[in-house]
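Chain by chain, the residues:
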Amino acid sequence: MIKQWFVWYSKKQQDKDTLKSPNMNFQFTEEQLMIQQAARDYAQRELIKDVIERDEKAIYPTEHIRNLSELGFLGMLVAPEYDGSGMDTISYVLAMEELSKVDSSIGVIISVNNSLVCYGIEKYGSEEQKQKFLKPLARGEVTGAFLLSEPGAGSDATSQQTTAIDMGDHYLVNGVKNWITNGNSASTYIVIAQTDREKGHRGINAIIVDRHSEGISLGPHENKMGMRSSDTHSVQFTDVKVPKENRIGEDGFGFKFAMKTLEGGRIGIASQALGIASGAYELAVKYAKERKTFGTEIINHQAIAFKLSDMATQIEAARFLCLKAAWLKDQGQAYGIASAMAKQYTADMAMQVTTEAVQIHGGYGYVKEYHVERLMRDAKLTQIYEGTSEIQKIVISRAIANGDI
Amino acid sequence: MRLLVCISSVPDTTSKIKFTDDSSRFDDSGIQWVINPWDELALTRAIELKEDNTNPVTEVVVITIGTFQTEPTLRKCLAIGADKAVRIDIEPLDAYQTASQLAAYIKNEEFGFIICGIESGDYNEASVGGMLAELLDFVSVSSVSSVRFNKDQPIFQRDVANGKEELSVNGTAVLIVQKGFASVPKIPNMRGIMTARSKPLELIKASSSKSLIKFVNYHSPKEKEAVQMLESSDELVEKLSKEAKLI
Amino acid sequence: MAILVYIRNVAGTIKKQSLELSSYAHAMAEATNQEVIGIVIGEIDDSALSELGNYGMSQILKADNPNFNMRVNRVYTRIIEQAVLKTNAQYILFPDNNQGKAIAPRLSVRLQAGFVPQVLGLPSSYEPFHIEKRAFTGKALANIEVNTERIILSPILNSYGLNENKTELKIENFEPEIDEPESRLTILDKKVNTERINLLDADIVVSGGRGLKSAENFKLLEELATTLDGALACSRPVADDGWRPADEHVGQTGKIISPNIYFAVGISGAIQHVAGVSGSKCLVAINADPEAPIFDVADYGIVGDALKIVPELNEAFKQHLSDNQ
């Protein structure tokens, strides 16, 4: 009798638990593993060949982006009905990690296109906007850029100086945007601009702008410390006319749009940082197993072994944060805090891990041929863009103060 | 024209190879299974031939002999672009048994030609293609380095001693292929990955068959002696002639 | 009972591999008290075969009908099958190369005889029959048991070596009855490249990796290979980048070779590369990086710039060869 009840009770309990937390599953699906492998194969076979040269000469990877779009990476999160690959965010994390292990400039180009531009239009855009702008983006025929930062407004997105004045049938855009990833290569811009200053951040709009519109001029390719083969520019708008139907959402939705979209962007950048860290870690392990000092491979020296142990554990922790945020997003649950945690922890971790990877390589680590110095330079940017680590901490701490977590 | 590519599911090339405690079996725990590299090139080329509309190739079928464990490998083949997969449900004991199972399937089907990688990266028997051809009394063409079509006729190129030969075969041929058959293995695109599950994967019961050889147990190759580091070319020539006696 | 050795006929000549196979067969013959008999197909002069008598072979069946000059696997299989039946051979030996791989599996089916390729060493026992083969692309050795009436083996090239045993050699003509001459296969074209030595047959292989820095620098390796009468090979990245043709790629996914001497020049020694050459009798590594993993598997190593060392080595070998002529 008792046994029967127990069986009945545990079955009930199981159902309830399943509802509360659908499952705790560390098993990737076959499709997810295939995408991870496809990204790994492309990165290890193709990206590796010219990554040092592209970094050194700051060359935009046109051909790689074309190949990767044929494989479906440029619009991997977009639904198939809009010509995307319809992948889940878990797959996206796995793919971003693999690509960024070798070339994080590729990582950021894909991240901006997927998680900011495509996601923004797919989630909040009108049907016409999706047909017109999203489809070519998802097919990878064109790439997109997200224009939020300004010379005087980086982390503080409310103080937009760029204006989009309502002229009745169109907006007239004026102002300067800074640090724009894909600034030159993109064809489709999403521009965040102030329409009504009196309404503060409720007067901000997000509008889709054709990069080739009259009145747009670009500053020179920024000569960056890292991620040198992604093209970063400042973009100047002088009386640029934009049709009203290019506004995303209702009038004044722009600030909320930017904040919501950036929540997803953090998952992309966190996964990119994860790739930078695990790429550097893998190189460090390989080196430590080959390089000998004092008569033995340096992995046998505890000073090195413990470094590698810390790196492996930190990377694994960061990977779980990234996957958790991705999983929440896939489940349709709130993921803003989870993605802030993932981005802050992973970016800071990537900086540490890449620094240690250079240290393990000694003098070799300081020369370009061994890749780790580039990964270290690249890691720095993940702590800065799409919300600095400090901004992420503000997001997290406010949630703590509000009792949200 | 339908093409058949025979697929072996093997441990990833970087896998650490270990055996069960009594050394009698390969220990596959933690192993990542991949398409046997030569088979992957065969599949890549078969799909290229199909994608080129000037060729008469209409369908690419992949087949493997193995347990359910091989299904992810088959779905990877479908993701890369095969139209249909077939799995014959038996863990074969040797190449002869594998070839017998393949032959039992093929004799009821029609294929323009059948492609086998030259060997598999696990048991390295390098026999399935030849055995299959003999079981079905097909022509086998080994060392095939490329295939192309002249209208509807497939033209094969094979490596022979100090050269290459081009040939054609009347009837079904079994091609035994190696490196160079395709340049690099095709990476599946996402559409392919997402449609892999909706493509047919036919499960066939194994027919009765026997094996001819028995893998009894395994051990690791003995460690090589430490390298002798030399200072000059003259020293190397001296060592090779006097010590190794090879020059 | 006999041990039948397939002698590969390369345009009227035989290769050292046949002498090695005969040496191997002779060792088996001594253990089992049998005779070593060869089978050769296609036109060939007796004089080209006579050296086999120095390696323990006592009889050769010569199926030298010019119709058989072209190798057709199906036909060759049937010729050898008839030779097996005629000599009542218990063991049949093939070289472990493309020809062996093409014919032996077919013969295995015809005779229902167990076939063990990539054999290393002599059988450890004959009753029951146990022998070792390479498995997992050189990462392991497998002990194989075969209980079929006849057994087919192909030992890895250069793994056994030559062993002289002067024997009186009889060469007799052999006229197999082929019921249906193969008509399904038509040769359309043949491109002969007589200058290059087949990589799979070569005793000496000179192989280059990324460390050579450019496609042009492979000239230096070609010169060395010419001096040593060896073949040229390369690592996978070199083939993938198009510096060298794909058919020169040796490694786990390329050609698997076992020459007497393998020169790995500017090759770091990735596990996949080593898997393709680990059967080499002697591995010489030349690399600028003293920590390169290739040195862990090499017999002799020189640290330094390949572009400087290879020409020096070429000169040193030239000198040595002319001194010893």
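Reading the values: the criteria
- Residues numbered from 1 in each chain as written.
- Chains lettered and ligands numbered in written order.
- Predicted model: local features only at pLDDT ≥ 70, side-chain atom pairs only at ≥ 80, totals over all residues.
- Heavy atoms only, no water.
- Helix = DSSP H or I, 4+ residues; strand = E, 2+ residues; numbered from the N terminus.
- Rg over C-alpha atoms; globule rule 2.2 N^0.38 Å.
- Buried < 20%, exposed > 50% of the residue type's maximum accessible area, 1.4 Å probe, protein only.
- Contact = heavy atoms within 4.5 Å.
- Areas by Shrake-Rupley, 256 points an atom, 1.4 Å probe, with all protein chains shown as cover.
- Lys, Arg positive; Asp, Glu negative; His and termini not counted.
- Charge placed at Lys NZ, Arg CZ, Asp CG, Glu CD.
- Buried area = accessible area lost by both parts, 1.4 Å probe.
- Salt bridge = Lys/Arg side-chain N within 4 Å of Asp/Glu carboxyl O.
- Polar contact = N/O pair within 3.5 Å; in protein donor to acceptor, adjacent residues only side chain to side chain.
- Nonpolar A, V, L, I, M, F, W, Y, C, P; charged D, E, K, R; others polar.
- Domains from an automatic or database assignment.
- pLDDT = per-residue confidence, 0-100.
- Pairing = 2+ DSSP bridges.
- Axes fitted to C-alpha atoms, helices over the stretch in contact; angles between N-to-C directions.
- 1 Å grid on protein atoms, 1.4 Å probe; cavity = no way out; pocket = protein on both sides within 12 Å on 5 of 7 lines; lining within 4 Å.
- Points joined across faces, edges and corners; volume = space filled by probe spheres on them.
- Expected span 1.5 Å × (residues − 1).

Peer 1: Could you give me a rundown of the overall build of chain C, with the residues and numbers involved?
Peer 2: Within chain C, the secondary structure is distributed over nine helices and 15 strands. Its C-alpha radius of gyration of 21 Å places chain C within 12% of the 20 Å reference for a compact globule of 325 residues. Dimensions along the principal axes, computed over C-alpha positions, put chain C at roughly 60 × 45 × 45 Å. Per-residue burial for chain C yields a buried fraction of 62% across its 325 residues. Once local pairs closer than 6 in sequence are excluded, the contacts in chain C between residues at least 24 apart make up 66%. For chain C, the exposed surface amounts to about 12,100 Å²; the carbon and sulfur share of it is 45%. In chain C, the 30 positive side-chain charges and the 42 negative ones have mean positions that sit 5 Å from each other.

Peer 1: Can you lay out the interface of chain C and chain A for me, pointing to particular residues and giving the numbers?
Peer 2: At the junction of the two partners, chain C supplies six residues and chain A supplies four residues. Taken over both partners, the interface formed by chain C and chain A buries close to 500 Å², and the fraction arising from carbon and sulfur atoms is 35%. Along the contact surface separating chain C from chain A lie three salt bridges. The residue Asp-296 of chain C makes a salt bridge to Lys-292 of chain A at a minimum N-O spacing of 4.0 Å. Scanning the region where chain C abuts chain A turns up one residue pair in polar contact (both at pLDDT 80 or more). Of the residues contributing to the side of chain C that touches chain A, the split by class is one nonpolar, no polar and five charged.

Peer 1: Outline the domain arrangement of chain C, listing residues and values.
Peer 2: All names here are of chain C. Domain annotation for chain C reports domain 1 (2-173) and domain 2 (204-323). Placing a centre on the C-alpha atoms of domain 1 and another on those of domain 2 gives a separation of 31 Å. With nine residues of domain 1 in contact, the opposing surface of domain 2 contributes nine residues. When the area that domain 1 buries against domain 2 is broken down by residue, the three leading residues are Arg-134, Thr-137 and Asn-158, summing to 58%. Taken together, domain 1 and domain 2 are joined by zero salt bridges.

Peer 1: Describe the interface of chain B and chain C, listing the residues and the values that go with them.
Peer 2: In this complex, chain B contributes 79 residues to the contact, which on the side of chain C involves 90 residues. For the pair chain B and chain C, the summed buried area comes to about 7,200 Å², and 56% of that belongs to carbon and sulfur atoms. With its nearest N and O atoms 3.4 Å apart, the salt bridge here joins Asp-247 of chain C to Lys-164 of chain B. If you list the elements that add at least two residues to the side of chain B that touches chain C, you get α1 (37-51), α4 (128-136), β7 (139-150), β8 (153-160), β9 (163-169), β12 (213-219), β13 (228-230) and α6 (233-243) of chain B.

Peer 1: Which residues make up the pattern of salt bridges, and what values do they have?
Peer 2: Within this structure, the stated rule accounts for 62 salt bridges over all chains. In this structure, the salt-bridge partner of Asp-83 of chain A is Arg-139 of chain A, at a minimum N-O distance of 2.3 Å. Of this pair, Asp-83 of chain A sits in the loop between α3 (62-71) and α4 (89-102) while Arg-139 of chain A sits in helix α6 (residues 127-139), and the two are 56 residues apart along the sequence. Classification of Asp-83 of chain A by relative accessible area gives partly exposed; the value is 22%. A salt bridge links Lys-190 of chain C to Glu-165 of chain B; the shortest N-O distance between them is 3.6 Å. Placement of Lys-190 of chain C in strand β10 (residues 185-192) and of Glu-165 of chain B in strand β9 is noted, with the two residues assigned to different chains. Judged by relative accessible area, Lys-190 of chain C falls into the partly exposed class, the value being 44%. According to the relative accessible area criterion, Glu-165 of chain B is buried, its value standing at 6%. Each of the salt bridges in this network shares a partner with another, and the network as a whole consists of Glu-134 and Asp-137 of chain B together with Arg-74, Arg-78, Glu-81, Arg-106, Arg-110 and Arg-184 of chain C.

Peer 1: Please set out the confidence of the model for chain A residue by residue, giving values where relevant.
Peer 2: In this model, chain A carries an average pLDDT of 92, and 94% of its residues clear a pLDDT of 70 or more. Here residues 14-20 of chain A is modelled with pLDDT under 50, and outside its nearest four sequence neighbours on either side it reaches zero contacts, counting other chains as well.

Peer 1: I'd love a proper account of the sheet that holds β8 of chain B, names of residues and values included.
Peer 2: Read from one edge to the other, the open sheet built from ten strands follows the order β11(B)-β5(B)-β4(B)-β1(B)-β6(B)-β10(B)-β7(B)-β8(B)-β9(B)-β10(C), with strand pairing classed as mixed. A strand with exactly one partner marks an edge of an open sheet, and here the two such strands are β11 (201-205) of chain B together with β10 of chain C. Each strand of the sheet is rotated relative to its neighbour by a mean of 35°, with strand direction disregarded. Of the strands in this sheet, β1 (2-6), β4 (59-65), β5 (84-89), β6 (113-117) and β11 of chain B are in contact with helix α3 (residues 95-106) of chain B, which crosses β4 of chain B at around 140°.

Peer 1: Which residues make up empty space enclosed by the protein, and what values do they have?
Peer 2: All names here are of chain C. The tally for this structure, following the rule as stated, stands at seven cavities of 30 Å³ or more. Asp-96, Lys-101, Leu-200, Ile-256 and Ile-257 are the residues nearest the centre of the largest cavity, which is lined by 19 residues in total. In the lining of the largest cavity, the residues fall into seven nonpolar, seven polar and five charged. When residues are assigned to domains, the lining of the largest cavity turns out to be shared by domain 1 (2-173) and domain 2 (204-323), each giving three or more.

Peer 1: If you had to explain the environment of Lys-164 of chain B to someone new, which residues and values would you point to?
Peer 2: Within the secondary structure, Lys-164 of chain B is located in strand β9. Distance in space between the C-alpha atoms of Lys-164 of chain B and Pro-200 of chain B is 38 Å, their sequence separation being 36 residues. At 3.4 Å, the side chain of Lys-164 of chain B and the side chain of Asp-247 of chain C are in polar contact.

Peer 1: Mind laying out the pairing of strand β15 (residues 300-303) of chain C, listing which residues take part and the relevant values?
Peer 2: Inspection of the sheet shows β13 of chain B paired to β15 of chain C by three bridges, in the parallel sense. Paired with Leu-230 of chain B across the two strands is Ile-302 of chain C, which belongs to β15 of chain C. Note: strand β14 (residues 282-287) of chain C against β15 of chain C, four bridges, orientation parallel. Along β15 of chain C, the bridge assignment pairs Asn-287 of chain C with Val-303 of chain C.

Peer 1: Explain the domain arrangement of chain A residue by residue, including any values.
Peer 2: Residues and elements named next belong to chain A. As assigned here, chain A comprises domain 1 (30-143), domain 2 (145-252) and domain 3 (255-401). Taken over C-alpha atoms, the centre of domain 2 sits 30 Å from the centre of domain 3. Contact with domain 2, which involves 16 residues of that partner, is made by 16 residues of domain 3. Taking both partners together, domain 2 and domain 3 bury about 1,300 Å²; carbon and sulfur atoms supply 80% of that area. There are zero salt bridges connecting domain 2 and domain 3. Summed over the shared surface of domain 2 and domain 3, the number is two residue pairs in polar contact (both at pLDDT 80 or more). Secondary-structure elements contributing two or more residues to the side of domain 2 that touches domain 3 are β4 (188-194) and β5 (204-210). When grouped by side-chain class, the residues that make up the side of domain 2 that touches domain 3 number ten nonpolar, five polar and one charged.

Peer 1: Go over helix α3 (residues 73-87) of chain C with me, naming the residues and quoting the values.
Peer 2: Along an α-helix, residues three or four apart share an orientation, since each turn contains 3.6 residues. All names here are of chain C. Along its 15 residues, α3 runs 21 Å from first to last C-alpha, staying within 8% of the 21 Å computed at 1.5 Å per residue. With twelve of its 15 residues buried, α3 lies for the most part within the structure. Of all the residues in α3, the buried ones are Asn-73, Arg-74, Val-75, Tyr-76, Thr-77, Arg-78, Ile-79, Ile-80, Glu-81, Ala-83, Val-84 and Thr-87. Looking one or two places after α3, you find Asn-88, whose phi comes out positive at around 50°.

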